[in-house]
Amino acid sequence: QVQLVESGGGLVQAGGSLRLSCVASRRTFSSYAMGWFRQAPGKEREFVAAISWSGGSVNSADSVKGRFTISRDNAKNTVYLQMNSLKPEDTAVYYCAASHRYSGSIPNKGEYDYWGQGTQVTVSS
């Protein structure tokens, strides 16, 4: 079992930045593919960004390309999501996820095994 704890959410004005962090409880964190997803009220949970176990492969949704960057520090059991040029439509609960079955930067939420509790990001116009 892996426990994931997100932090770093908050209220920011449009054009601002936030950095989300997700700390994993397991020392085998470096063998897990990691992803970030988000869910706005009344909408499906959607893919934001993903990173392979080594950090050598990343993937992101078209809606955040060029603005959001995913990275990981395996020594700290932590994955990050740097969010720049935030827009009101980025407002959502952001979830961190881990996959022990896959090693690549996977965009499909069904391929993740563990989820954090989420952190709220609100972007005001």
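The structure under discussion appears in the preceding block.
Here goes a summary of the coordinates provided. Source: prediction; values computed, not measured. (Residues numbered from 1 in each chain as written. Predicted model: local features only at pLDDT ≥ 70, side-chain atom pairs only at ≥ 80, totals over all residues. Heavy atoms only, no water.)

## A short note on the side chain of S99
Using the following cut-off: Secondary structure elements follow DSSP: runs of H or I no shorter than four residues count as helices, runs of E no shorter than two count as strands, and numbering proceeds from the N terminus. Under this definition, polar contacts are N or O atom pairs within 3.5 Å; protein pairs additionally need one hydrogen-donor-capable and one acceptor-capable atom, and for neighbouring residues in sequence, both atoms have to be side-chain atoms. In what follows, a contact means two residues having at least one pair of non-hydrogen atoms within 4.5 Å.
For S99, the position within the fold is in strand β9 (residues 92-99). In terms of polar contacts, S99 uses its side chain to reach the backbone carbonyl oxygen of E111, at 2.9 Å. Residues contacting S99, with those up to four places away along its chain left out, are S31, Y32, A33, I106, E111, Y112 and D113.

## Some thoughts on the state of the cysteines
Note the following rule: Only a pair of cysteine sulfur atoms within 2.5 Å counts as a disulfide in this structure description. Any residue under 20% of the maximum accessible area for its type is buried, any over 50% is exposed, and the rest in between are partly exposed; the area is computed with a 1.4 Å probe on protein chains only.
Per the stated rule, a full pass over the model turns up 1 disulfide. Covalently, C22 is tied to C96 through a disulfide, its sulfur atoms 2.1 Å apart. Measuring handedness by torsion sign, the sulfur bridge of C22 and C96 sits at about -75 degrees and is left-handed. Taken together, the positions of C22 in strand β3 (residues 18-24) and C96 in strand β9 put the pair 74 residues apart, joining distant regions of the chain. Since its relative accessible area comes to 0%, C96 is described here as buried.

## Quick word on the sheet that holds strand β7 (residues 68-73)
Quick note on the threshold: We treat two strands as partners when DSSP finds at least two bridges between them. Angles here are taken between N-to-C directions and fall from 0 to 180 degrees, while the axes themselves are lines fitted to C-alpha atoms, restricted in helices to the stretch in contact.
One open sheet accounts for 4 strands, arranged β1-β3-β8-β7; its pairing is antiparallel. In this open sheet, the two edge strands, each paired with only one partner strand, are β1 (4-7) and β7. Neighbour-to-neighbour, the strand axes of this sheet turn through a mean angle of 15 degrees, independent of strand direction. Relative to strand β8 (residues 78-83), β3 runs antiparallel, the two sharing 6 bridges. Looking at the pairing, S21 lines up with Y80 of β8.

## What about the nonpolar core?
Across soluble globular proteins, nonpolar side chains show a tendency to be buried alongside one another. The condition that has to hold: Side-chain atoms within 4.5 Å are what join buried Ala, Val, Leu, Ile, Met, Phe, Trp, Tyr and Cys residues into a set we call a nonpolar core.
Counting residues in each nonpolar core, the largest one holds 35 residues, and the members touching the most others are L4, M34, W36, V79, L81, M83 and Y94. Only β3, β4 (33-39), β5 (46-51), β7, β8, β9 and β11 (119-124) provide two or more residues apiece to this core. Discounting residues that sit within four places of it in the chain, Y94 has contacts with E6, L20, W36, F37, R38, V48, F68, L81, M83, G118, T119 and V121.

## Section: the packing of aromatic side chains
Using the following cut-off: Note on aromatic contacts: the rings of Phe and Tyr and the six-membered ring of Trp form a pair at centre separations within 6.5 Å, being stacked when their planes are under 30 degrees apart, edge-to-face when over 60 apart, and tilted otherwise. The criterion for a charge sitting over a ring is simple: Lys NZ or Arg CZ within 6 Å of the ring centre, and within 35 degrees of the ring normal.
This model, assessed by the stated rule, comprises 5 aromatic pairs. Following the ring pairs from residue to residue traces out a cluster consisting of F37, F47, Y112 and W115. Looking at R45, its charged tip hangs above the ring of Y95, at a distance of 3.7 Å from the centre. Between R45 and the ring centre of W115, over which it is positioned, the NZ or CZ distance is 4.9 Å.

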